[in-house]
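# Chain and residue survey
Each chain, written out:
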Amino acid sequence: MKLILGSASPRRKDLLAQIGLVPDAILPPDIDEDPRRGELPRPYCARIAQEKAFAVPAGPEDVVLCADTTVALGRRILGKPASAAEAAKFLVLLGGRRHEVITSVAVRKGERLWTRDVVSVVKFKRLSDDELNFYLASNEWQGKAGGYGIQGLAGAFVTWMQGSFTGVVGLPVAETAQLLAAAGVPLWRQA
Ligand SMILES: Cc1cn([C@H]2C[C@H](O)[C@@H](COP(=O)(O)OP(=O)(O)OP(=O)(O)O)O2)c(=O)[nH]c1=O
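Because the structure is a prediction, the values reported are computed rather than measured.

### Considering the packing of aromatic side chains
Here the distance between the centres and the angle between the planes together describe a pair of aromatic rings. For the structure on display, the rule yields three aromatic pairs. Their ring planes at 70° and their centres at 5.6 Å tell us that Tyr135 and Phe157 sit as a pair that is edge-to-face. Of this pair, Tyr135 sits in helix H4 (residues 129-138) while Phe157 sits in the loop between H4 and strand S7 (158-162), and the two are 22 residues apart along the sequence. With relative accessibility at 0%, the residue Tyr135 sits in the buried group.

Here you go:
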């Protein structure tokens, strides 16, 4: 049995290491992440995590771990911004209000699938022009859902949150440990 992390995200690798797990292989999936017309954030996020899990090549006894993180403002999905201008638009939308961060985790062994959606709520302060420009210049918005990373400079914008901090960063470690245990991955074993 091999543990395969199906993710190009360095955060997911680090969060897995936080619970003492080093994958035998890292095989990032390549799937179409465009939302379907009218698709709501949570079903979208769950669908993408599952599609990622089935897109990773693995043997019948191997365990594949994939996740997707989606920022949702009401029914609206804020994905990874394609440009600084789009990141600016997202950050202005997020300023002064609450939004949801959903991370869906999918663990697959052969045809069996274990899944979990972890929903957190994050509140941003209203951003001044200086804060916005400083943040955009940092480039920390790149490759992150909603155009920010709570674990970096944007942590200073977060006045309140409820849920799973590790979930917001990309892999909710408590729920992931449960799913992996269900799939038979040995956890809490002395080296
Ligand atoms: C909201 C938020 C997201 N993110 C990141 C986590 C994810 O890496 C990224 C959302 O994109 P994802 O599509 O979930 O993941 P990814 O493209 O980085 O990697 P892969 O699909 O190969 O697993 O946003 C943070 O790092 N901090 C945050 O506060």
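### Things to note about the UniProt feature "active site" (unreviewed entry) in the protein chain
Per the UniProt entry, the sites bearing "active site" (unreviewed entry) are Asp68 in this numbering. Considering the arrangement of structural elements, one finds Asp68 in strand S3 (residues 63-73). Looking at Asp68, the relative accessible area reads 3%, which means it is buried.

### Things to note about the environment of Cys66
Within the secondary structure layout, Cys66 lies in strand S3. We classify Cys66 as buried; its relative accessible area is 1%. Taking the C-alpha atoms as reference points, Cys66 and Pro29, separated by 37 residues in sequence, lie 8.7 Å from one another. Excluding residues within four positions of it along the chain, Cys66 makes contact with Gly6, Ala49, Lys52, Ala53, Val56, Ser104, Val105 and Ala106.

### Things to note about the site of the ligand
Taken together, 20 residues lie near the ligand, and Ser7, Ala8, Arg12, Lys52 and Lys80 sit nearest. Side-chain polar atom of Glu33 to an oxygen atom of the ligand: 3.3 Å apart, as the coordinates give it. Considering the ligand on its own, with 600 Å² of exposed area, one finds that the protein chains cover 95% of that surface. Given that more than half its atoms are within 2 Å of the pocket grid, the ligand belongs to the largest pocket. Going through the elements one at a time, helix H1 (10-18), S3 and helix H5 (165-169) are the ones with two or more residues in the shell around the ligand. In terms of residues, the shell around the ligand owes the most to one element, S3, which gives three residues. Among the residues making up the shell around the ligand, the classes are represented as seven nonpolar, six polar and seven charged.

### Some thoughts on the environment of Glu33
Mapped onto the secondary structure, Glu33 falls in the loop between strand S2 (25-26) and helix H2 (41-55). Classification of Glu33 as partly exposed rests on a relative accessible area of 28%. Note: C-alpha distance between Glu33 and Lys123 (90 residues apart in sequence) is 26 Å. When near neighbours in sequence (up to four residues on either side) are disregarded, Glu33 contacts Tyr44, Ile48, Lys52, Asp68 and Lys80.

### Remarks on the pattern of salt bridges
A full pass over the atoms with the stated rule returns six salt bridges. The salt bridge partner of Arg47 is Glu51, with a shortest N-O separation of 3.0 Å. In this pair, Arg47 and Glu51 are both assigned in helix H2, four residues apart and thus about one turn of the helix distant. The exposure class of Arg47 is buried, given its relative accessible area of 15%. Overall, Glu51 belongs to the partly exposed group, its relative accessible area being 28%. Among the salt bridges present, the one from Lys125 reaches Glu131, with a minimum N-O distance of 2.5 Å.

Rules and cut-offs
Residues numbered from 1 in each chain as written. Predicted model: local features only at pLDDT ≥ 70, side-chain atom pairs only at ≥ 80, totals over all residues. Heavy atoms only, no water. Phe/Tyr/Trp six-rings, centres within 6.5 Å; stacked < 30°, edge-to-face > 60°. Helix = DSSP H or I, 4+ residues; strand = E, 2+ residues; numbered from the N terminus. Buried < 20%, exposed > 50% of the residue type's maximum accessible area, 1.4 Å probe, protein only. UniProt positions renumbered as here; feature names shortened; annotations may be inferred. Contact = heavy atoms within 4.5 Å. Near = heavy atom within 4 Å. Polar contact = N/O pair within 3.5 Å; in protein donor to acceptor, adjacent residues only side chain to side chain. Areas by Shrake-Rupley, 256 points an atom, 1.4 Å probe, with all protein chains shown as cover. 1 Å grid on protein atoms, 1.4 Å probe; cavity = no way out; pocket = protein on both sides within 12 Å on 5 of 7 lines; lining within 4 Å. Sits in = over half its atoms within 2 Å of the grid points. Nonpolar A, V, L, I, M, F, W, Y, C, P; charged D, E, K, R; others polar. Salt bridge = Lys/Arg side-chain N within 4 Å of Asp/Glu carboxyl O.

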